[in-house]
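Here are the chains, one letter per residue:
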Amino acid sequence: MTSPNVDDGANPLVAPWWRGLRSWLRRLWLAVRRLLAGPPQSIRQSATESVSQRRRLSQPIIVPARGFVFTFEIRVLLNWRAEKLSEELLGAWSLQFSDLARRDVERQCAEMARHFNPEQAGELEYRLNRELSRSYRTYERRGVVLHCRPEVRIRLDPEVREQLRAIHLQRIQEESEHELLLRRAQRIDQLTHRWIAVLDRLRRSPLAHAAAHLTDEHLASVIGQYVIAEEKAKVDLLATRLDEILRRSGRVGQPLEAHEADEVVRLLNDVLADVPDLLSTTYRPTSNDAKAQ
């Protein structure tokens with residue numbers, strides 16, 4: 001007589017019993033492992049860490065500005081935070097408390113906005129956000145505690161915005177025109193100084209007029225009309241005055257008296273101060289030179 005085989009496929013009577021026992025032992029072992037390991041990581045984090053959400057109110061808050069003629073449009077963003085809540089529960093409870101948070105923010109906005117002019121939206125936004133960020137607001141119901149810190153963005157009244165837009169456009173245009181005129185004046189000044197340097201070099205050369213004709217007709221015309229004509233006029237004036245002095249003295253070709261020589265020297269120095277290139281800059285006539293003439 002042979003002994004029974006406990007193999008699953010050898011004995012059909014024993015195989016179902018053994019398979020059931022093995023499956024039950026496996027489920028028991030997995031349950032013990034889960035019990036020893038503790039709750040999942042996500043559950044442990046949600047129980048110990050805080051969660052936060054940001055929700056924007058669907059409708060803006062409208063409050064009057066100083067004077068109660070124009071208004072400010074205020075968009076509100078609510079930052080919610082809670083402890084030991086899941087993301088889904090925080091979202092659901094933040095919707096429950098959103099009306100209370102809106103009323104609190106609206107009351108503070110209306111109280112502060114009445115002290116600001118209709119065009120001072122930026123200043124009001126800065127002051128409001130500074131006050132709202134000082135601490136979290138706390139809302140509690142059925143043992144659930146949520147903390148809220150609002151943020152605001154403020155827009156001008158449409159009529160005020162249009163008026164300020166026209167003013168700013170005019171200011172931008174005036175500043176642009178002013179900047180353009182300044183740059184044009186700077187360019188003219190630079191070009192003027194460059195041409196002065198060029199003409200100053202050309203006036204010292206007797207060949208400047210001829211060289212200018214080879215370079216640019218307009219430059220040659222300017223040199224001939226202004227530079228050469230002016231130099232010639234001053235030389236003619238110098239000759240005329242010298243001739244008058246000599247004729248008054250009655251001694252043409254003879255040595256001059258001291259006072260006559262001094263007058264000639266003053267005349268020459270005055271002319272040479274305006275036309276330094278007629279004679280060398282290192283030479284200035286003296287009364288002895290004049291007497292020698």
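Up top is the structure these notes are about.
Owing to the predicted nature of the structure, the values given are computational and were not obtained by experimental measurement.

The rules behind these values
Residue numbers restart at each chain and count upward from 1, following the sequence in its written direction. The predicted nature of this model means local features are confined to residues of pLDDT at least 70 and side-chain atom pairs, given and counted, to a pLDDT of 80 or more, with totals for whole chains, interfaces and linings taken over all residues. Only hydrogens and water are set aside; all other atoms, that is, all heavy atoms of the structure, feed into the side-chain values. In DSSP terms, a helix is any run of H or I states spanning at least four residues, a strand is any run of E spanning at least two, and both are numbered starting from the N terminus. When accessible area is computed with a 1.4 Å probe and restricted to protein chains, residues below 20% of their type maximum are described as buried, those above 50% as exposed, and intermediate ones as partly exposed. Here, two residues are considered to be in contact whenever any of their heavy atoms come within 4.5 Å of each other. Each accessible area is a Shrake-Rupley result for a 1.4 Å probe, and residues are judged covered by the shown protein chains and nothing else. Exposure above 30% relative accessible area and no salt bridge define the residues that can form patches, which grow by joining like charges within 9 Å and nonpolar side chains of Val, Leu, Ile, Met, Phe, Trp and Tyr within 5 Å. Whenever Lys or Arg places a side-chain nitrogen within 4 Å of a carboxyl oxygen from Asp or Glu, that contact is recorded as a salt bridge. Geometry of aromatic contacts follows a simple scheme: Phe, Tyr and Trp rings, the Trp one being its six-membered ring, pair when their centres are within 6.5 Å, and the pair is stacked under 30 degrees between planes, edge-to-face over 60, tilted otherwise. We call a charge positioned above a ring when the Lys NZ or Arg CZ atom is no farther than 6 Å from the ring centre and deviates by at most 35 degrees from the ring normal. Remark: nonpolar core denotes a set of buried residues (Ala, Val, Leu, Ile, Met, Phe, Trp, Tyr, Cys) joined through side-chain atoms within 4.5 Å. To obtain each axis, a line is fitted to C-alpha atoms, and for helices this fit is confined to the stretch in contact; angles are then taken between N-to-C directions over 0 to 180 degrees. By definition in this entry, angles of less than 35 degrees are roughly parallel, angles greater than 145 are roughly antiparallel, angles of 65 to 115 are roughly perpendicular, and the rest are oblique. Handedness of each helix crossing follows the sense of rotation of the near helix against the far helix: counterclockwise by less than a right angle gives left-handed, clockwise gives right-handed. Just so you know the grouping, Ala, Val, Leu, Ile, Met, Phe, Trp, Tyr, Cys and Pro go in nonpolar, Asp, Glu, Lys and Arg go in charged, and all remaining residues, Gly too, go in polar. Here the bend at a residue is taken as the angle between two axes, fitted respectively to the seven residues that end there and the seven that start there. When DSSP finds two or more bridges between a pair of strands, those strands are recorded as paired.

## Considerations on the overall build of the protein chain
For step 1, the next point in the chain: Each helix and strand counted, the protein chain has 9 helices and 5 strands in total.
For step 2, the next point in the chain: In sequence order, the protein chain lays out its α and β elements as α-α-β-β-β-α-α-β-β-α-α-α-α-α.
For step 3, the next point in the chain: By residue count, 24% of the 293 residues in the protein chain fall in the buried class.
For step 4, the next point in the chain: Put simply, of all contacts in the protein chain between residues at least 6 apart along the chain, 61% involve residues at least 24 apart.
For step 5, the next point in the chain: Entry remark: accessible area of the protein chain is about 21100 Å², with carbon and sulfur atoms responsible for 55%.

## Things to note about a nonpolar patch on the surface
For step 1, the next point in the chain: Side chains of Trp 24, Leu 25, Leu 28, Trp 29, Leu 30 and Val 32 sit close together on the surface and give an oily, nonpolar patch of about 580 Å² of accessible area.
For step 2, the next point in the chain: Mapped onto the elements of the fold, Leu 30 is located in helix H1 (residues 14-37).

## Section: the packing of aromatic side chains
For step 1, the next point in the chain: Evaluation of the coordinates by the stated rule reveals 4 aromatic pairs.
For step 2, the next point in the chain: A ring pair is formed by Trp 80 and Tyr 139, whose centres lie 5.9 Å apart and whose planes are at 55°; its orientation type is tilted. Here Tyr 139 lies in strand E4 (residues 137-141) and Trp 80 lies in strand E3 (residues 71-83), a separation of 59 residues in the sequence. An identical accessibility class is assigned to Trp 80 and Tyr 139; each is buried.
For step 3, the next point in the chain: Put simply, the rings of Trp 80, Trp 93, Phe 97 and Tyr 139 touch in pairs and so form one group of aromatic residues.
For step 4, the next point in the chain: The residue whose ring lies beneath Arg 81 is Tyr 136, and the NZ or CZ to ring-centre distance is 4.8 Å.

## Regarding the nonpolar core
For step 1, the next point in the chain: By size, the foremost hydrophobic cluster in this structure holds 33 residues, and its most contacted members are Phe 72, Ile 74, Val 76, Trp 80, Leu 124, Leu 128 and Leu 146.
For step 2, the next point in the chain: Those elements that provide at least two residues to this core are strand E2 (61-64), E3, helix H3 (87-113), helix H4 (121-132) and strand E5 (144-155).
For step 3, the next point in the chain: Tallying contributions element by element places H3 first for this core, with 8 residues.
For step 4, the next point in the chain: Not counting chain neighbours up to four residues away, the residues in contact with Leu 124 comprise Phe 72, Met 112, Ala 113, Phe 116 and Ile 154.

## Remarks on the packing of H3 against H4
For step 1, the next point in the chain: Two elements in contact, H3 and H4, have axes separated by 11 Å at closest approach and are oriented at 135°. If you check the angle between H3 and H4, you find them oblique. In this structure, H3 crosses over H4, and the sense of that crossing is right-handed. Packed against H3, whose contacting residues are Gln 108, Cys 109, Met 112 and Ala 113, the element H4 presents Leu 124, Arg 127, Leu 128, Glu 131 and Leu 132 at the interface.
For step 2, the next point in the chain: Of the residues in the contact of H3 with H4, the class split is 6 nonpolar, 1 polar and 2 charged.

## Section: H3
Owing to its 3.6 residues per turn, the α-helix aligns residues three or four sequence positions apart on the same side.
For step 1, the next point in the chain: In the structure, H3 departs most strongly from a straight axis at Phe 97, where the bend amounts to approximately 45°.
For step 2, the next point in the chain: Residues of H3 that are buried include every one of Leu 90, Gly 91, Trp 93, Ser 94, Phe 97, Ser 98, Ala 101, Val 105, Cys 109, Met 112 and Ala 113, and no others.
For step 3, the next point in the chain: Of the surrounding elements, those touching the buried residues of H3 are strand E1 (50-56), E2, E3, H4, E4 and E5.

## Observations concerning the pattern of salt bridges
For step 1, the next point in the chain: A complete count under the given rule lists 6 salt bridges for this structure.
For step 2, the next point in the chain: Salt-bridge contacts for Glu 151 lead to Arg 54; the nearest nitrogen and oxygen are separated by 3.9 Å. Of this pair, Glu 151 sits in strand E5 while Arg 54 sits in strand E1, and the two are 97 residues apart along the sequence.
For step 3, the next point in the chain: By relative accessible area, Arg 54 is classed as exposed at 55%.
For step 4, the next point in the chain: Note that Glu 73 is salt-bridged to Arg 75, the shortest N-O span being 3.5 Å.
For step 5, the next point in the chain: Note on Arg 75: relative accessible area 31%, which makes it partly exposed.

## With respect to the pairing of E2
For step 1, the next point in the chain: Residues Ile 61 and Val 63 of E2 are buried on one face, while the alternating residues Ile 62 and Pro 64, pointing to the opposite face, are not.
For step 2, the next point in the chain: Connecting the antiparallel pair E2 and E3 is a turn made up of 6 residues, with Gly 67 showing a positive phi of about 95°.

## Thoughts on the environment of Glu 73
For step 1, the next point in the chain: For Glu 73, the location among the structural elements is in strand E3.
For step 2, the next point in the chain: When its relative accessible area of 22% is taken as the criterion, Glu 73 is described as partly exposed.
For step 3, the next point in the chain: Spatially, the C-alpha atom of Glu 73 lies 9.6 Å from that of Pro 158, the residues being 85 residues apart in sequence.
For step 4, the next point in the chain: Non-local contacts of Glu 73, meaning those with residues more than four positions away in its chain, are made with Pro 60, Ile 61, Ile 62, Arg 153, Ile 154 and Arg 155.

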